Amino acid sequence: MRACAGPRLGAAMMEGLDDGPDFLSEEDRGLKAINVDLQSDAALQVDISDALSERDKVKFTVHTKSSLPNFKQNEFSVVRQHEEFIWLHDSFVENEDYAGYIIPPAPPRPDFDASREKLQKLGEGEGSMTKEEFTKMKQELEAEYLAIFKKTVAMHEVFLCRVAAHPILRRDLNFHVFLEYNQDLSVRGKNKKEKLEDFFKNMVKSADGVIVSGVKDVDDFFEHERTFLLEYHNRVKDASAKSDRMTRSHKSAADDYNRIGSSLYALGTQDSTDICKFFLKVSELFDKTRKIEARVSADEDLKLSDLLKYYLRESQAAKDLLYRRSRSLVDYENANKALDKARAKNKDVLQAETSQQLCCQKFEKISESAKQELIDFKTRRVAAFRKNLVELAELELKHAKGNLQLLQNCLAVLNGDT
Amino acid sequence: MAAEREPPPLGDGKPTDFEDLEDGEDLFTSTVSTLESSPSSPEPASLPAEDISANSNGPKPTEVVLDDDREDLFAATEEVSLDSPEREPILSSEPSPAVTPVTPTTLIAPRIESKSMSAPVIFDRSREEIEEEANGDIFDIEIGVSDPEKVGDGMNAYMAYRVTTKTSLSMFSKSEFSVKRRFSDFLGLHSKLASKYLHVGYIVPPAPEKSIVGMTKVKVGKEDSSSTEFVEKRRAALERYLQRTVKHPTLLQDPDLRQFLESSELPRAVNTQALSGAGILRMVNKAADAVNKMTIKMNESDAWFEEKQQQFENLDQQLRKLHVSVEALVCHRKELSANTAAFAKSAAMLGNSEDHTALSRALSQLAEVEEKIDQLHQEQAFADFYMFSELLSDYIRLIAAVKGVFDHRMKCWQKWEDAQITLLKKREAEAKMMVANKPDKIQQAKNEIREEIEEWEAKVQQGERDFEQISKTIRKEVGRFEKERVKDFKTVIIKYLESLVQTQQQLIKYWEAFLPEAKAIA
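The model shown is predicted, which means the values in this text are computed figures rather than measured ones.

A. The overall build of chain B, seen in detail. Within chain B, the secondary structure is distributed over 12 helices and 3 strands. Every one of the 522 residues in chain B was classed for burial, and the buried ones make up 54%. For chain B, the computed accessible surface area is about 23000 Å², with 54% contributed by carbon and sulfur atoms.

B. Layout of the interface of chain A and chain B. In this assembly, 62 residues from chain A lie in contact with 59 residues from chain B. A buried area of about 5500 Å², summed over both sides, lies between chain A and chain B, and 70% of it is on carbon and sulfur atoms. We note a salt bridge from aspartate 355 of chain B to lysine 378 of chain A, for which the minimum N-O separation is 3.5 Å. Run the count over chain A and chain B and you get 15 residue pairs in polar contact (both at pLDDT 80 or more). Secondary-structure elements contributing two or more residues to the side of chain A that touches chain B are helix H7 (220-270), helix H8 (275-345) and helix H9 (349-417) of chain A.

C. Structural detail: the pattern of salt bridges. Applying the stated criterion across every chain, the model contains 53 salt bridges over all chains. Here glutamate 512 of chain B makes a salt bridge to lysine 401 of chain A, at a shortest N to O gap of 3.6 Å. Here lysine 401 of chain A lies in helix H9 and glutamate 512 of chain B lies in helix H12 (residues 439-519), a pairing that spans two chains. For glutamate 512 of chain B, a relative accessible area of 40% gives the class partly exposed. What makes lysine 401 of chain A partly exposed here is its relative accessible area of 41%. Among the salt bridges present, the one from glutamate 430 of chain B reaches arginine 450 of chain B, with a minimum N-O distance of 2.8 Å. In this pair, glutamate 430 of chain B is assigned in helix H11 (residues 357-435) and arginine 450 of chain B in helix H12, connecting sequence segments 20 residues apart.

D. Local environment of the packing of aromatic side chains. For the structure shown, the criterion picks out 33 aromatic pairs over all chains. Seen from their ring centres, tyrosine 332 of chain A and phenylalanine 363 of chain A are 5.9 Å apart, and the 25° between their planes marks the pair as stacked. Remark: phenylalanine 363 of chain A occurs in helix H9 and tyrosine 332 of chain A occurs in helix H8; sequence separation between them is 31 residues. Just as tyrosine 332 of chain A is buried, phenylalanine 363 of chain A falls in that class too. Each member of the aromatic cluster is reached from another via a ring pair, and the members are Phe278 and Phe279 of chain A together with Trp304, Phe305, Phe312, Tyr395, Phe406, Phe481 and Phe489 of chain B. Over the ring of phenylalanine 260 of chain B we find arginine 181 of chain B, and its NZ or CZ is 5.3 Å from the ring centre. Lying over the aromatic face of tryptophan 304 of chain B, arginine 475 of chain B brings its terminal NZ or CZ to 4.7 Å of the ring centre.

E. Focus on the sheet that holds strand E3 (residues 75-81) of chain A. Residue and element names in this part refer to chain A. With antiparallel pairing, the 3 strands of this open sheet are ordered in space as E1-E2-E3. Each having just a single partner strand, strand E1 (44-53) and E3 make up the two edges of the open sheet. When strand polarity is set aside, the average angle formed by the axes of neighbouring strands in this sheet is 25°. Note that strand E2 (residues 58-66) and E3 share 7 bridges and pair antiparallel. For lysine 65, the partnering residue across the bridge sits in E3 and is glutamate 75. Those strands touched by helix H4 (residues 131-165) are E1 and E2, and its axis lies near 155° from that of E1.

F. Broad picture of the packing of helix H4 (residues 183-197) of chain B against helix H8 (residues 255-262) of chain B. Residues and elements named next belong to chain B. The interhelical angle for the contact between H4 and H8, taken along N-to-C directions, is 165°, at an axis separation of 10 Å. In this view, H4 runs roughly antiparallel relative to H8, as classed from their interaxial angle. Here the hand of the crossing between H4 and H8 comes out left-handed. From H4, Asp185, Phe186, Leu189, Lys192 and Lys196 reach across to H8, where they touch Asp256, Leu257 and Phe260.

G. Looking closely at the nonpolar core. With 119 residues, the main nonpolar core has Phe385 and Leu389 of chain A together with Leu497 and Trp511 of chain B as its most contacted residues. When residues of this core are traced back to their parent elements, those giving at least two are H7, H8 and H9 of chain A together with helix H10 (303-353), H11 and H12 of chain B. The greatest single-element share of this core, amounting to 28 residues, is contributed by H11 of chain B. In terms of domain composition, this core takes at least three residues from each of domain 1 (33-112 + 152-188) and domain 2 (210-417) of chain A. Filtering out sequence-adjacent residues up to four positions away, leucine 497 of chain B remains in contact with Leu285, Leu407, Cys410, Leu411 and Leu414 of chain A. Core analysis: the second largest hydrophobic core is formed by 35 residues, Ala207, Val218, Tyr241 and Leu252 of chain B among them.

H. Region of the structure containing the sheet that holds strand E1 (residues 141-151) of chain B. Residue and element names in this part refer to chain B. Pairing is antiparallel across the open sheet formed by 3 strands, whose spatial order is E1-E2-E3. The sheet terminates laterally at E1 and strand E3 (176-182), the two strands that pair on one side only. On average, each strand axis in the sheet is inclined to that of its neighbour by 20°, with strand direction left out of account. Two strands pair when backbone bridges link them, and strand E2 (residues 158-167) and E3 are joined in this way by 7 bridges, in the antiparallel orientation.

I. Structural view of the domain arrangement of chain A. All names here are of chain A. Taken domain by domain, chain A consists of domain 1 (33-112 + 152-188) and domain 2 (210-417). Domain 1 and domain 2 are separated by 21 Å when their C-alpha centres are compared. With 20 residues of domain 1 at the interface, the matching set in domain 2 holds 22 residues. Across the domain 1/domain 2 interface, buried area totals approximately 1900 Å², and carbon plus sulfur atoms make up 59% of it. Applying the counting rule to domain 1 against domain 2 returns 2 salt bridges. Between glutamate 96 and lysine 362 there is a salt bridge, and its shortest N-O distance comes to 2.9 Å. There are 10 residue pairs in polar contact (both at pLDDT 80 or more) connecting domain 1 and domain 2.

J. Examining unusual backbone geometry more closely. Positive phi, normally seen in glycine, also occurs at asparagine 346 of chain A, with a value near 55°. Positionally, asparagine 346 of chain A belongs in the loop between H8 and H9. Although it is not a glycine, aspartate 147 of chain B sits at a positive phi angle of roughly 50°.

K. Representation of the state of the cysteines in the model. Residues and elements named next belong to chain A. Following the criterion strictly, the structure yields 0 disulfides over all chains and no others. Among the cysteines around cysteine 410, which has no disulfide bond, cysteine 276 carries the closest sulfur, lying 15 Å off. Classification of cysteine 410 by relative accessible area gives buried; the value is 3%.

What counts and what doesn't
Residues numbered from 1 in each chain as written. Chains lettered and ligands numbered in written order. Predicted model: local features only at pLDDT ≥ 70, side-chain atom pairs only at ≥ 80, totals over all residues. Heavy atoms only, no water. Helix = DSSP H or I, 4+ residues; strand = E, 2+ residues; numbered from the N terminus. Buried < 20%, exposed > 50% of the residue type's maximum accessible area, 1.4 Å probe, protein only. Areas by Shrake-Rupley, 256 points an atom, 1.4 Å probe, with all protein chains shown as cover. Contact = heavy atoms within 4.5 Å. Buried area = accessible area lost by both parts, 1.4 Å probe. Salt bridge = Lys/Arg side-chain N within 4 Å of Asp/Glu carboxyl O. Polar contact = N/O pair within 3.5 Å; in protein donor to acceptor, adjacent residues only side chain to side chain. Phe/Tyr/Trp six-rings, centres within 6.5 Å; stacked < 30°, edge-to-face > 60°. Lys NZ or Arg CZ within 6 Å of the ring centre and 35° of its normal. Pairing = 2+ DSSP bridges. Axes fitted to C-alpha atoms, helices over the stretch in contact; angles between N-to-C directions. Parallel < 35°, antiparallel > 145°, perpendicular 65-115°, else oblique. Left-handed = near helix turned anticlockwise from the far one by under 90°. Core = buried A, V, L, I, M, F, W, Y, C linked by side-chain atoms within 4.5 Å. Domains from an automatic or database assignment. Disulfide = S-S within 2.5 Å.

Below, the structure written as structure tokens:
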């Protein structure tokens, strides 16, 4: 993923970025790690090799390497936008055949609004601050923008990789079209009417979900899964929100360091006594330590907040799977009842029988694959948490040690001087 | 002046004790020992003060690390618990290399429970410093403010603070004593000192500010953390105020100060109330002063003063800006602490519902780590505030006092100018009289005017002397102030950085403990 080709906002904006490759590769590994169990086999490998941010959309370059016969070439790339990812995801959801699988959650919409607004405000306020302050803040905001950008790229990539790793979904025709068709898919975003339809569909679904979940499951495994997922999902939601707030506070504190550093610098350059050297050194310290604190916040965001957010979405997808299964169970039971009734009245028995058989097959098919999916989900989840928690701890340690080193060096200099 | 001497034995054999008590004698035998006092200055002290101008470095290194002080305070407040290993408190970094004259007991905050007071390493460094600056003035007095106690009920309630003085200066009758004082007593002291010394050019440290909201909460009896914080903030501020005041060699000699520190009963200072007659008079005077400042156009013959004034103006602005940022940091740090605590709880819940045992355990561990970290943030926020933020706000007020002193000089000049103008007018009147030939009344009038002229000539001379005196005093004071300032900032900022070091070290400990837990997820 070429970050330098990334947000093309104007050459001037990109000057200040100093975190390029290191940040990138960590983050890369970080998010891929969410799906650590994916067998990256030669049969099908998908990644996002490039991305371009324009006024209000992001263009992803989806790059595929495959030895499967379905594709015309072994290696090819297309350009896709967010709406096309959503279209692909929705096509999975609506496909009855995939009812028994956990559909990989759709990537969230790229949201640069907040960041753009801040950059704009900075531009407007340029006259009111010193040159150093302006440069500093610009760097900061650019880094922020870049971080959001990388995150959204990674999330889209994760979605594709999950699909590519899934033994059934990877064979989906729409998926292949998505990967290969090098024209625009002409997928437009949903218009108002469709959005409204969606809204009603969701409402019906949740109402139905409530009814359906009232049906007790004979199968212990699924009963347990249902209770578990419900509680887990809620708690992950809560944890994700709180983690977000925590990382944001961290970032605010880091921003304060920035301003403190600037003020100290001003004090240092203006002071007449011999304390000016002192101030300048401390100002430098604050600048450096701020960078580390900002990284701490970013890493926590990545390893903790993003992890939790992802599993929030995945656990929702798992819940959806359970819902579909319960739905099919209810249908099956209804079909049984209908069959009994038909037999009793001796009317349309054949029809009832076929319908009942279909329901039975559907239910059993879903149950079987669902079981495996849920077991896989747990394995993936445990692995992902493990990886991220370990990396989180390692990064926290790295940063704390870095900070400590900075502080101790600074103190040594300051004490030596005085 | 003073050679390094062995520190006197103090019961618990604490290392960092720089009360070179014998130096007290030097105070009296020092060569140039007269108080720099102009005739118009009040009450020349009975004791000779050190002559500040004799030494190139004003402030005194032996101003002591307040280990002892803190120990006593802790004993008094019974908060010492040395057995919680995790809370290696930020305090242990406090006995910092240079002396810390003004921020002794910064972290007696409600939540902090353990303190450890050993700092052997620091001892060595400080000793060297003492030797280096041994020719500086040596102050041998330590003030502690502690034990805030609510007295009375309802709206008439007030907080009484114990003021403990430890000294070997012989002007005090005992070497260690304490009294109970309330906030208005401190204000009263300041008002007295200000009225005596400000107008002759001494920079009198300003007293802590009143806070109607804060005090009302305390009076009403709200026993929440914000009122305890308020009391702690005030206690620390009062302590710093007294420390600064006694460090001033001239003010130290003042009998009012001595009375404040020593006598068990103090006449109630009612003039300090905001809405009293005196309070209103003060406000009116302040307004009048502000107007006057705008109208006095002084012919500055001395570029030094103009330069200095500008410098202080700049410094003021910069400090204010920095202060705002630091306050924001304190706020965000507190927020971070609260959010971390919330997250910790949430993570614990998540761990509970996770059905994979190893992961569940790891999540619980994570929750514990985050909880400890939230405590850490809380403590750091206190350090941010009590060390950094309060230092800045103290200096912002001090600079206001400095500016006040410069203004007084202007007024002094104005007075001299006015006297000169009046003298001129009188001479003109006399001359006119000489010319006009009215023999009968003339002799009497001539005498009168002769007298007046003599009177005004004396006033002009006095005015000139006063002006020169105040200018001289200000120069000295500013020199002393600048030295103080440099020292103060360096000391406190270094201490603050050390608190940051502590925090990072703790963080490392916590995450190192967590890492194997995370790796153990199977």
